[in-house]
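Here is what each chain is made of, one letter per residue.
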Amino acid sequence: MQNHLTIVDHPLVQHKLTLMRQTTTPTAVFRQLLREISQLLAYEVTRELETDTKTIETPICQMQAPELAGRKLALVSILRAGNGLLDGILELIPSARVGFVGLYRDEETLKPVQYYFKVPSELDKRLVIAVDPMLATGNSSVAAIDLLKQAGATNIRFLCLLAAPEGVARMKEAHPDVQIVTAAVDDHLNEHGYIVPGLGDAGDRMFGTK
Ligand code: URA
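Predicted model, so just to flag it, every value in this text is computed and none were measured. (Residues numbered from 1 in each chain as written. Predicted model: local features only at pLDDT ≥ 70, side-chain atom pairs only at ≥ 80, totals over all residues. Heavy atoms only, no water.)

## Observations concerning the overall build of the chain
Step number 1: Counting its secondary structure elements, the chain contains 6 helices and 14 strands.
Step number 2: A compact globule built from 210 residues should have a C-alpha radius of gyration of about 17 Å, and the chain, at 18 Å, falls within 12% of that.
Step number 3: Along the first, second and third principal axes, the C-alpha atoms of the chain reach 60 × 40 × 30 Å.
Step number 4: Taken across its 210 residues, the chain has 45% of its residues classed as buried.
Step number 5: Considering only intrachain contacts with a sequence separation of at least 6, the fraction spanning at least 24 residues in the chain is 64%. (Helix = DSSP H or I, 4+ residues; strand = E, 2+ residues; numbered from the N terminus. Rg over C-alpha atoms; globule rule 2.2 N^0.38 Å. Buried < 20%, exposed > 50% of the residue type's maximum accessible area, 1.4 Å probe, protein only. Contact = heavy atoms within 4.5 Å.)

See below:
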């Protein structure tokens, strides 16, 4: 495998992330930025997808042209905040198969509790990209990857917007084979399990709840 951690330091990604971090950014703008940034991150996470060639006709001549090889990839949203990343990526890869893992974080123990699991068939033959904007303690992300592996997935990547060093370390320990792609690794987690400086509660900010 390539690097366990890939930080997408592209200026467009970093600029959009700065806007998203700001308290004054309204819900509608936050959601739009998340959609845009998810596509830039998806570009990076799919960089090494395999291609075949097929014969096509251009208006000028015949050529051997590349196309994506193998099974359609599977996007798995870790509910509920994962859906904010999912929508944008699906615009870029409309034929992807989609799964959902429902885990909520117990606010006292910070441990994940499962309430929903539905994923595409033949996960073992697909690249599986699990999406969740915030890799904080890593507890729910690691639990979601555990479930995906139990369902047969062997080639998994984890796409998030922001990570804490604690979450990156936890994922590396539990799932060293899973590449993390993120826009930034922040400083630390606070006592409530929030990423510092972070952007607050990603779900609340994208859905306008509180
Ligand atoms: N989940 C969030 O939405 N934000 C954090 O900072 C940590 C976990």
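Having seen the structure, we can now continue with the description.
## What to know about the pattern of salt bridges
Step number 1: Counted according to the given criterion, the structure contains 11 salt bridges.
Step number 2: The shortest N-O distance in the salt bridge between Lys 125 and Asp 124 comes to 3.9 Å.
Step number 3: Salt bridges linked by common partners bring Arg 71, Glu 122, Asp 124 and Lys 125 together as one network. (Salt bridge = Lys/Arg side-chain N within 4 Å of Asp/Glu carboxyl O.)

## Side note on the nonpolar core
Step number 1: Within the largest apolar cluster, 36 residues are counted, with the highest numbers of intra-cluster contacts made by Leu 161 and Leu 199.
Step number 2: At the level of elements, helix H1 (11–21), helix H2 (27–45), helix H3 (82–92), strand S7 (127–131) and helix H6 (202–207) are the ones that each hand at least two residues to this core.
Step number 3: Examining the composition of this core, we find that 7 residues originate from one element, H2, more than from any other.
Step number 4: With near-sequence residues (within four places) excluded, Leu 161 lies in contact with Leu 17, Met 20, Leu 34, Ile 37, Leu 41, Asp 132, Pro 133, Thr 182, Ala 183, Ala 184 and Leu 199.
Step number 5: Judged by nonpolar contacts, the second largest core, of 24 residues, contains Val 101, Leu 148, Phe 158 and Cys 160. (Core = buried A, V, L, I, M, F, W, Y, C linked by side-chain atoms within 4.5 Å.)

## Regarding unusual backbone geometry
Step number 1: With an omega of 0 degrees, the peptide bond between Leu 79 and Arg 80 qualifies as cis.
Step number 2: Mapping Arg 80 onto the fold places it in the loop between strand S4 (74–79) and H3.
Step number 3: The linkage connecting Val 196 with the following residue, Pro 197, adopts the cis geometry, with an omega of 0 degrees.
Step number 4: One non-glycine residue, Glu 122, lies in positive phi territory at about 50 degrees.
Step number 5: Along the polypeptide, Glu 122 turns up in the loop between strand S6 (112–118) and S7.
Step number 6: Judged by its relative accessible area of 33%, Glu 122 falls in the partly exposed class.

## Considering the layout of surface pockets
Step number 1: In this structure, the largest pocket encloses a volume near 570 Å³.
Step number 2: Residue lining of the largest pocket: 25 residues in total, with Ala 81, Arg 105, Asp 132, Ser 140 and Asp 201 positioned closest to the centre.
Step number 3: Contributions of two or more residues to the lining of the largest pocket are made by S4, strand S5 (97–105), helix H4 (139–150) and H6.
Step number 4: Per-class residue counts for the lining of the largest pocket are 11 nonpolar, 9 polar and 5 charged. (1 Å grid on protein atoms, 1.4 Å probe; cavity = no way out; pocket = protein on both sides within 12 Å on 5 of 7 lines; lining within 4 Å. Points joined across faces, edges and corners; volume = space filled by probe spheres on them. Nonpolar A, V, L, I, M, F, W, Y, C, P; charged D, E, K, R; others polar.)

## Here we look at the sheet that holds S4
Within a sheet, neighbouring strands are paired by backbone hydrogen bonds and run either parallel or antiparallel to one another.
Step number 1: The 7 strands are arranged S1-S11-S9-S7-S4-S5-S6 in an open sheet whose pairing can be described as mixed. Across the chains shown, the open sheet's two edge strands, defined by having one partner strand only, are strand S1 (5–7) and S6. Put simply, the sheet's adjacent strands are angled 20 degrees from each other on average, direction ignored.
Step number 2: Across 4 bridges, the pairing between S4 and S7 is parallel. Residue Ala 74 lies in a different strand from S7, and its bridge partner there is Val 128. (Pairing = 2+ DSSP bridges. Axes fitted to C-alpha atoms, helices over the stretch in contact; angles between N-to-C directions.)

## Considering the sheet that holds strand S10 (residues 162–163)
Step number 1: The strand order across the open sheet built from 3 strands is S8-S10-S12, with neighbouring strands paired in parallel fashion. With partners counted over all chains shown, the strands left at the sheet margins are strand S8 (134–135) and strand S12 (184–185), one partner each.
Step number 2: Here 2 bridges tie S10 to S12, and the two strands are oriented parallel to one another. Considered in S12, the bridge of Leu 162 is made with Ala 184.

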